[in-house]
Amino acid sequence: MPRIVFCLLFLLCCAVGVARISRAESVASSLVQMGPLCDVDTSAHQAVIQGVLDGLSEGKNTVLFAAGDYWLTDPRGLRVPGDTTLLMRGARFHLADNMVADGQAFLLDNVGNIRMEGGEVIGARDAWDDGVNIAGVRITGANSDYHLESMVFRDLSSNAVGVFGDSTEAPVRNVFLQQVTGINCCNIYIDYLQDNQGPAPGSDRRDQGTVAFYYVDGWVVKGCHFEGSRSDGTHFYHAHNGTFVNTTVSNSTMGGYFLEECENVVSSGNYISNNGSRGVTIERNSRFCTFTSNIVIHSGREGMWLPEIAHIMVNDNIFVENGQKNDPERDCEIRIDNSEVYHTQTEDIHIKNNIFRMRPGQTAAIFIGRTVGEVIMDGNTYYGDAPHLHRVE
């Protein structure tokens, strides 16, 4: 019996040795397990995790976080290297309530090929000063290939996910968000009808939007849930060739779905509800965008605002009782405007086969401002006592 056991152990050791050699000769890749850190002082969690990330080998790496609680005390956040997958299901990342500088939980700066799955980032925005802007994930630079899935972000004072390319010529490319939840995020933005309107001192427009994409080329937001932003639910700026589908944006202080200077963006199957300002804004040189098969309900101002844009399709949607704040002439279901400020002149707008349910006293279901070019309307259905169309000549 002892001889048999010895032989089995010898064979097992040989097998392990062969596996290690085979792995070393294959494409460089590693799996690192992280945590739990229940026996480590919470003030040291961030340094321990950063040490693991800094020590990853060259090539593709996967870090598997054990379920549990991890505490982040430095607003610079965890710096994630390129070619890394973070598997974080069941992991909760708590941001300290005494942060006094801007920052984020995860920073992806000039690195690419990142995948993040699962995990929850929990902020303390009610404890932070209004001018302190802490995000969940911040992506910067001009790199590519980011996949964020099944992540939850709560109580942050900046974006849940903020993606910021360098310029139109040097964008971030290929960003994919699926089943990402952001609740009670963003900085404070004071409404137009109040004194001192605009972002809180110390914050700027990039802190607006539970999801904010600036200078991004090729992106998908799918099956997400953005609720209770203290400014805009989303903000896409110079974000081209994108898809926004099957997503809920609700109860934002300001707007819900927001495109600015964007081209070739598809939006479909979304529920945009109870946002404090415009439910949907497509503005300022945006072109060749579609908005189809969505529901826009109970916005504070227009259900949809379309200024200085061209080649837009708004088809097969349902607009319900928008303009809740009774802000004069901003109370329509759809308002289309034009000006000389931006080089794109409003024209070639298609509004077809939509259903409008209006409130008493609204200016109109559809408002078309002065100097607006061709607007093609057909097959729309109207319910309620407000005028169907108001056009300023």
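Keep in mind that what you see is a predicted model, and the values were worked out from it rather than measured.

Enquirer: What is the right way to read the nonpolar core from this model?
Expert: Across soluble globular proteins, nonpolar side chains show a tendency to be buried alongside one another. Counting 84 residues, the largest nonpolar core has Phe93, Phe106, Phe213 and Phe236 as the members making the most contacts within it. Top element by residues in this core is strand β18 (residues 211–222). It accounts for five residues. Residue contacts for phenylalanine 213: discarding those within four places in its chain leaves Val163, Val175, Leu177, Trp219, Val221, His235, Phe236, Tyr237 and Ala239. Membership of the second largest hydrophobic core comes to five residues, among which are Phe164, Ala212, Tyr214 and Tyr215.

Enquirer: Hey, could you run me through the pattern of salt bridges in this one?
Expert: Oppositely charged side chains may form a pair once their charged atoms are brought near each other. Taken as a whole, this structure holds 20 salt bridges when the rule is applied. Ionic pairing is found between glutamate 117 and arginine 89, a salt bridge with its closest N-O pair at 3.9 Å. Residue glutamate 117 is found in strand β8 (residues 114–117), and its partner arginine 89 is found in the loop between β5 (84–87) and β6 (91–95); the two are separated by 28 residues along the sequence. Residue classification places glutamate 117 among the buried positions, given a relative accessible area of 14%. Here aspartate 217 and arginine 173 are joined by a salt bridge, their closest N and O atoms 2.8 Å apart.

Enquirer: I would appreciate a short explanation of a nonpolar patch on the surface in the present structure.
Expert: On the surface, Tyr271, Ile295, Ile318, Ile355 and Tyr383 cluster together into a nonpolar patch covering about 420 Å² of accessible area. For isoleucine 355, the location among the structural elements is in strand β33 (residues 355–357).

Enquirer: Would you mind going over the side chain of threonine 344 with me for this structure?
Expert: Among the structural elements, threonine 344 can be located in the loop between β31 (334–337) and β32 (347–352). Taking the relative accessible area as the measure of exposure, threonine 344 reaches 6% and is therefore buried. Sequence-distant contacts of threonine 344, that is, excluding residues within four places in its chain, are made with Asn285, Arg287, Glu308, Ile309, Ala310 and Asn338.

Conventions used here
- Residues numbered from 1 in each chain as written.
- Predicted model: local features only at pLDDT ≥ 70, side-chain atom pairs only at ≥ 80, totals over all residues.
- Heavy atoms only, no water.
- Core = buried A, V, L, I, M, F, W, Y, C linked by side-chain atoms within 4.5 Å.
- Buried < 20%, exposed > 50% of the residue type's maximum accessible area, 1.4 Å probe, protein only.
- Helix = DSSP H or I, 4+ residues; strand = E, 2+ residues; numbered from the N terminus.
- Contact = heavy atoms within 4.5 Å.
- Salt bridge = Lys/Arg side-chain N within 4 Å of Asp/Glu carboxyl O.
- Patch = residues over 30% accessible without salt bridge, like charges linked within 9 Å, V, L, I, M, F, W, Y side chains within 5 Å.
- Areas by Shrake-Rupley, 256 points an atom, 1.4 Å probe, with all protein chains shown as cover.

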